[in-house]
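# Structural characterization, general
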Amino acid sequence: MREYIPVLLFLLVAFGFAAGTIALSSIIVPLRRNAVKNSAYECGVVPMGDARQRVAIKFYLVAVLFILFDIEAVFLYPWAVAFRQLGLYGLVEMALFIVVLFIGYVYLLKKRALEWE
Amino acid sequence: MAAILDNPDLRFAFWALVKCVVILTAMLGVVSYLIYVERKVAGHMQARTGPNRVGPLGLLQPVADILKLFFKEEFIPDAANKIIFHLAPVLAVIPALVSFSVVPVGPNFTVTDINVGLLLFLAMSSLGVYAITLGGWSSNNKYALLGGLRSSAQMISYELALGLSTVGVLLIAGSLSLVDIVRAQEHVWFAVYQPVAFVIFMIAAFAETNRAPFDLPEAEAELVAGFHTEYSSMKWGMFFLGEFMNVITISSIAITLFLGGWNGPWLPDSLKFLWFFLKLGVLLFFFIWVRWTYPRLRYDQLMNLGWKVLLPVALANILVTGTVIHWLGNR
């Protein structure tokens, strides 16, 4: 596990650097606040409502599809590393797996889940 | 001090910390001059001179920019979700820097060689989505929200192509450790065996780093400034820094996976890292070159390219690579 220590150190140094720089600059910078300055930017017009509104369902769909295909990708990594030991069995097995997923992908296309108009 | 250097674990951690600080400092230096180079190259591509007022040839421009950012007045919208609003710029910097911890720069300069190095990179590049999404959402500004949403959809879509394109390399190298992958390319670069995967990786890399022609999250013509509309001063600076650090990190990974890493002729092992930096310079210039050459894609074109072209091609590439390797192995 020793080789993971540097990753942790990088995490700490990166966090310290970013948080430190922002903190330092926010001490230095002038703050002359007023209600107009602190309202949301809408091209200089008085804001109409806020951004807590409904958003297109499409974005959720993309997120759900991402999970499906990303798990496939995660499954492919150990297979790729062990490919030479698995031989023909591994190749056929993974080809079947990809074909099954591809059928699902064609279904998505037919259902027009990936259309953006 | 002597006690620290006697214990092997602590000595290892101590040198890792030193390397970490060296890389952070180098990154900051490279980023500030990358911005200068970008503006200069952009200038010359458009028949202008670019920055030339601060110092000789404008070379002190980055220093002036950083000082300016430091002293700029800061706005925090009243309607913002404050904690997340402050946290998002910090999150923008962390992933790029952490994934650099596994990049093998030279035979004698690898911060750490973990056996799942490539997975760490992919995990960190997924985390990069959070900074932009949370920054856009917490600002409570419609433009920022739209920019953040678009960006998250774009990045996760291209994340798939990015992840799948590396499987071909893994099939040949048979290891997830980036050092092993570089050593496997001693004679032939993987870009030669995996040209399709290399092209997919580079396209996805542009989309992952939100660089033109995929810079829709901050499409200024339609979204003001996208997810960082409400950010100012050093918080904006952190998003900017994060973007350029991501470009450097993803170029380094592209070099490691496809362009032979530190491998190159003539130089002795101790100087091989110069090859790495030469390749890095070429790729960074390529990023700038593309930005000032191609117009931005429309959103539906972007999603179509990711889901209907890159994803199936990447899957087909895996099957073909697997079959060819199996066939060659059995001959």
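Our structure is the block above this text.
What comes next is a walk through the structure. (Residues numbered from 1 in each chain as written. Chains lettered and ligands numbered in written order. Predicted model: local features only at pLDDT ≥ 70, side-chain atom pairs only at ≥ 80, totals over all residues. Heavy atoms only, no water.)

### Some remarks on the overall build of chain A
Keep this limit in mind: Helical segments are the DSSP runs of H or I of at least four residues, strand segments are the runs of E of at least two, and each set is numbered from the N terminus. We compute the radius of gyration from the C-alpha atoms alone; for a globule the expected value is 2.2 Å times N to the 0.38, where N is the number of residues. Working definition: with a 1.4 Å probe on protein chains only, accessible area under 20% of the residue-type maximum means buried, over 50% means exposed, and in between means partly exposed. A 1.4 Å probe and the Shrake-Rupley method give the accessible areas. Residues count as covered only by the protein chains that appear here. Positive residues here are Lys and Arg, negative ones are Asp and Glu, while His and the chain termini are left out of the count. Here the site of a charge means NZ on Lys, CZ on Arg, CG on Asp, or CD on Glu.
Looking only at helices and strands, chain A has three helices and zero strands in total. Start at the N end of chain A and walk to the C end: the helices and strands fall as α-α-α. Relative to the globule expectation of 13 Å for 117 residues, the C-alpha radius of gyration of chain A, 25 Å, shows a markedly less compact shape. A principal-axis box enclosing the C-alpha atoms of chain A has dimensions of 70 × 50 × 15 Å. The buried share of chain A, reckoned over its 117 residues, is 33%. Of the roughly 7,600 Å² of accessible surface on chain A, a fraction of 72% belongs to carbon and sulfur atoms. Positive and negative side-chain charges in chain A, numbering 11 and 8 respectively, have mean positions lying 9 Å apart.

### A look at the overall build of chain B
Stated precisely, the cut-off is as follows: Any two residues whose heavy atoms approach within 4.5 Å are treated as being in contact.
Looking only at helices and strands, one finds 13 helices and two strands in chain B. Expected size for 331 residues packed as a compact globule is a radius of gyration near 20 Å; at 21 Å, chain B falls within 12% of this value. With respect to the principal axes defined by its C-alpha atoms, chain B has extents near 65 × 60 × 45 Å. Relative to its full complement of 331 residues, chain B shows a buried share of 57%. Sequence-distant contacts in chain B: of pairs separated by 6 or more residues, those separated by 24 or more amount to 77%. Taking the 21 positively charged and 20 negatively charged side chains of chain B as two groups, their mean positions are separated by 6 Å.

### What about the interface of chain A and chain B?
So the rule is basically this: Put simply, buried area is the surface a 1.4 Å probe can reach on two separate parts but cannot reach once they are joined, added for both. Pairs of N or O atoms within 3.5 Å make up the polar contacts considered here, provided that, within protein, one atom can donate a hydrogen while the other can accept it, and that residues adjacent in sequence are counted only when both atoms are side-chain atoms. Put simply, Ala, Val, Leu, Ile, Met, Phe, Trp, Tyr, Cys and Pro go in the nonpolar bin, Asp, Glu, Lys and Arg in the charged bin, and everything else, Gly too, in the polar bin.
Contact residues are listed per partner, giving 68 residues for chain A and 85 residues for chain B. Regarding the contact of chain A and chain B, the summed buried area is about 6,900 Å², with carbon and sulfur atoms giving 75% of it. Considering only the side of chain A, the residues that lose the most area to chain B are F10, R52 and Y77 of chain A, jointly responsible for 12% of the buried surface there. At the boundary of chain A and chain B, one finds six residue pairs in polar contact (both at pLDDT 80 or more). Secondary-structure elements contributing two or more residues to the side of chain A that touches chain B are α1 (5-28), α2 (58-81) and α3 (83-110) of chain A. Its residues assigned to classes, the side of chain A that touches chain B shows 48 nonpolar, eight polar and twelve charged.

### Overview of the environment of L61 of chain A
In this fold, L61 of chain A is placed in helix α2. Separated by 43 residues in sequence, L61 of chain A and A18 of chain A place their C-alpha atoms 33 Å apart.

### Some thoughts on the side chain of H326 of chain B
Mapped onto the elements, H326 of chain B comes out in helix α13 (residues 299-330). Beyond its immediate chain neighbours, meaning those up to four positions away, H326 of chain B contacts F83, G87, L88 and L91 of chain A.

### Some details on the pattern of salt bridges
Residues and elements named next belong to chain B. Using the following cut-off: Definition used for salt bridges: Asp or Glu carboxyl oxygen within 4 Å of a side-chain nitrogen of Lys or Arg.
Taken as a whole and judged by the stated rule, the model has five salt bridges over all chains. Ionic pairing is found between K235 and E74, a salt bridge with its closest N-O pair at 2.2 Å. A residue pair is termed long-range when its members are at least 10 positions apart, and K235 in helix α11 (residues 233-258) and E74 in the loop between α3 (61-71) and α4 (82-99) qualify at 161 residues. Owing to a relative accessible area of 6%, E74 belongs among the buried residues under this scheme. Residues joined by salt bridges that share partners form a network here, namely E38, R211 and R291.

### What about the packing of helix α2 (residues 8-45) of chain B against helix α12 (residues 273-291) of chain B?
Between two packed helices, both the angle of their axes relative to each other and the distance between the axes serve to describe the pair. Residues and elements named next belong to chain B. Condition: Only the stretch in contact is used when a helix axis is fitted, and all axes are lines through C-alpha atoms; the angle between N-to-C directions ranges over 0 to 180 degrees. These descriptions rest on fixed angle ranges, namely under 35 degrees for roughly parallel, over 145 for roughly antiparallel, 65 to 115 for roughly perpendicular, and the rest for oblique. Left-handed describes a crossing whose near helix is turned anticlockwise from the far helix through less than a right angle; right-handed describes the clockwise counterpart.
At a minimum axis distance of 10 Å, the contact between α2 and α12 shows a crossing angle of 45 degrees. What the angle tells us is that α2 and α12 run oblique. Along this stretch, α2 crosses α12, giving a crossing that reads as right-handed. Note on element contacts: α12 touches α2 through L284, F285, I288, W289 and R291, opposite L34, V37, E38, V41 and M45. Looking at the contact of α2 with α12 residue by residue, the classes come out as eight nonpolar, no polar and two charged.

### Quick word on unusual backbone geometry
Residues and elements named next belong to chain B. One non-glycine residue, L57, lies in the positive phi region at around 60 degrees. Mapping L57 onto the fold places it in the loop between α2 and α3. You can call L57 exposed: its relative accessible area is 61%. With a phi close to 55 degrees, N140 is a non-glycine residue in the positive phi region. Secondary-structure assignment places N140 in the loop between α5 (117-138) and α6 (142-173).

### Details of the packing of aromatic side chains
All names here are of chain B. Let me state the cut-off plainly: Ring pairs are drawn from Phe, Tyr and Trp, using the six-membered ring of Trp, whenever the two centres fall within 6.5 Å, and their geometry is named by plane angle: stacked under 30 degrees, edge-to-face over 60, tilted for the rest.
This model, assessed by the stated rule, comprises 22 aromatic pairs over all chains. With a centroid separation of 6.0 Å and 65 degrees between ring planes, the pair formed by Y33 and Y36 is classed as edge-to-face. Taken together, the residues Y33 and Y36, both in helix α2 and three residues apart, mark about one turn of the helix. Under the relative-accessibility criterion, Y36 is labelled buried at 9%.

Geometry only, nothing functional implied.
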